[in-house]
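One-letter residues, chain by chain:
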Amino acid sequence: MLLWLELRLDPVLICSCRKDFIGAELCHEEPKVKQLCAVLSNRSGPFAECHWHEKPDPFVQSCVYDLCQYGSGNRMLCAALEAYAELCALRRVRLPDWRTGLGCNVACPPNSYYDFCGTPCKVTCANLNTSITCTRPCIAGCFCQKGYALEDGICIPRDHCGCVLNGQYYPLGAEVLLTDTCSQKCTCQGPGLAMECRPHVCGPREVCRVQGGARGCYPIKYGTMWLYGDPHLRTFDGAIFSFRGACRVALIQTCNTHLTPFAIWLKTEHQHSTVASWATQVDVDVGGQRFSLLAGQHKTVQEMAKVSQRSAPGAETLGFSGGYGSRRRADLTFLVLRDRHMAVA
């Protein structure tokens, strides 16, 4: 069995490749470029200590190529030297300061300085002793001056650092609410000090929840749920859907054990056809008590000596006050229209 393989190359591509290769070899500033890159292989230069661990020849060739191709500007030279310096740092070789003499200084933020071989475990306000136990190879970069530490990427005085509580760092003066009910409020009084905590209770018409990643006491939001037609339902968040079964379904039900048990049940039945169903009864369970309202029935219920009523043309009202939504009193009003339309607010 014979297998023939034929490879055809476009002469134009061959010529263009040769042209590019030849162009790469031509360097009008070659003497100058080689002199600049020779600092890498200079046996008495700043990189000499690293020659025992990593030969500089390949890096010198890359340096010459880059400077010939992209210009002999200082920025390109510094980038070529940094490549070798980073490898030396990985070999745990501590080089002398080569940036200042070669014009490769790095501008660092306030209260910090550049080090070509600094600790990779930078000191932060959340962990002031991280550099003591660090065993990883040194790296080049900007580091906070003595007496300063990082907070949100900025070097600040150590005595301005905050506190750590349950493994979480908080800035100086920060206040944080703990537990699912915001029953504790802790304040960071000073660096290295335990946070001062005291009992806390959310205000009236407020609820404890996490919002935007922060736990706090936020105002209780109110909404309206509409049930109408055969039947159609618009929930508190504006979602609309329909169901046509004959059943008993929970419209609202608490799931938080810290709240007073509360639920609204709707009973639907078919009339004359299975295509549509109609609301025939509403049951409201609050704190172990049940209030029921049948279709076409008008009833006002008083609970805890408080009655909340709301009038609407052609509507019947079931109103009461209970412990819905929080441990404190909250008013609820139910409107059941005579044509079996219902609103819960």
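Residues numbered from 1 in each chain as written. Predicted model: local features only at pLDDT ≥ 70, side-chain atom pairs only at ≥ 80, totals over all residues. Heavy atoms only, no water.

A word on the pairing of strand S3 (residues 148-151). Where burial is concerned, the two faces of S3 differ: the one with Ala149 and Glu151 is buried and the one with Tyr148 and Leu150 is not. Relative to strand S4 (residues 154-157), S3 runs antiparallel, the two being bridged by 4 bridges. Bridge assignment links Glu151 to a residue of S4, and that residue is Ile154. If you look at the hairpin formed by S3 and S4, you'll find 2 residues sitting between the two strands, and Asp152 has a positive phi there, around 55°. (Buried < 20%, exposed > 50% of the residue type's maximum accessible area, 1.4 Å probe, protein only. Helix = DSSP H or I, 4+ residues; strand = E, 2+ residues; numbered from the N terminus. Pairing = 2+ DSSP bridges.)

Here we come to the nonpolar core. Within the largest apolar cluster, 24 residues are counted, with the highest numbers of intra-cluster contacts made by Cys37, Leu40, Phe47, Cys63, Leu81, Tyr84 and Leu95. For this core, the secondary structure elements donating two or more residues are helix H2 (30-37), helix H3 (57-70) and helix H4 (74-90). The dominant element in this core, judged by the number of residues it contributes, is H4, at 8 residues. Setting aside its immediate chain neighbours within four residues, Tyr84 contacts Leu40, Phe47, Cys50, His51, Glu54, Lys55, Pro56 and Phe59. One finds Leu233, Phe243, Ile252 and Ile264 within the second-largest nonpolar core, a separate group that totals 14 residues. (Core = buried A, V, L, I, M, F, W, Y, C linked by side-chain atoms within 4.5 Å. Contact = heavy atoms within 4.5 Å.)

For the rest of this paragraph, the subject is the packing of H2 against H3. Here H2 crosses H3 at 140°, and the two axes come no closer than 9 Å. One way to sum up the angle between H2 and H3 is to call them oblique. In terms of crossing hand, the pair formed by H2 and H3 is right-handed. Mapping the contact onto sequence places Val33, Lys34, Leu36 and Cys37 in H2 and Val60, Cys63, Val64, Leu67 and Cys68 in H3. Along the lines of polarity and charge, the residues of the contact of H2 with H3 split into 8 nonpolar, no polar and 1 charged. (Axes fitted to C-alpha atoms, helices over the stretch in contact; angles between N-to-C directions. Parallel < 35°, antiparallel > 145°, perpendicular 65-115°, else oblique. Left-handed = near helix turned anticlockwise from the far one by under 90°. Nonpolar A, V, L, I, M, F, W, Y, C, P; charged D, E, K, R; others polar.)

A few words on the state of the cysteines. Applying the stated rule across the entire model yields 11 disulfides. With a sulfur-sulfur separation of 2.0 Å, Cys125 is cross-linked through a disulfide to Cys161. Looking down the S-S bond of the Cys125 and Cys161 bridge, the torsion is -60°, so its handedness is left-handed. Of this pair, Cys125 sits in the loop between strand S1 (112-118) and strand S2 (139-144) while Cys161 is found in the loop between S4 and strand S5 (163-165), placing the two residues 36 residues apart along the sequence. In this structure, Cys125 and Cys161 share a single accessibility class: buried. (Disulfide = S-S within 2.5 Å.)

The next point concerns the environment of Cys155. Relative to the helices and strands, Cys155 is located in strand S4. Take Cys155: its relative accessible area is 8%, and that puts it in the buried class. When the C-alpha atoms of Cys155 and Asn111 are compared, they prove to be 5.9 Å apart, with 44 residues separating the residues in sequence. Not counting residues up to four positions away in its chain, the partners in contact with Cys155 are Pro110, Asn111, Ser112, Cys144, Tyr148, Ala149 and Leu150.

Quick look at H4 now. Along its 17 residues, H4 runs 24 Å from first to last C-alpha, staying within 8% of the 24 Å computed at 1.5 Å per residue. Of all the positions in H4, only Leu77, Cys78, Ala80, Leu81, Tyr84, Ala85, Leu87, Cys88 and Ala89 are classed as buried. The inward-facing, buried residues of H4 contact H2, H3 and helix H5 (99-102). (Expected span 1.5 Å × (residues − 1).)

Let us now look at the sheet that holds strand S8 (residues 184-187). Strands in a sheet are paired, the pairing made by backbone hydrogen bonds, and the direction either parallel or antiparallel. Ordered in space as S7-S8-S9, the 3 strands form an open sheet in which the pairing is antiparallel. One side of each edge strand has no neighbouring strand; the edge strands of this open sheet are strand S7 (175-178) and strand S9 (196-199). Within this sheet the neighbouring strands show an average axis-to-axis angle of 25°, counted without direction. As defined by bridge partners, S8 adjoins S9 across 4 bridges and the pair is classed as antiparallel. Within S9, the position partnered with Gln184 by the bridge is Pro199.

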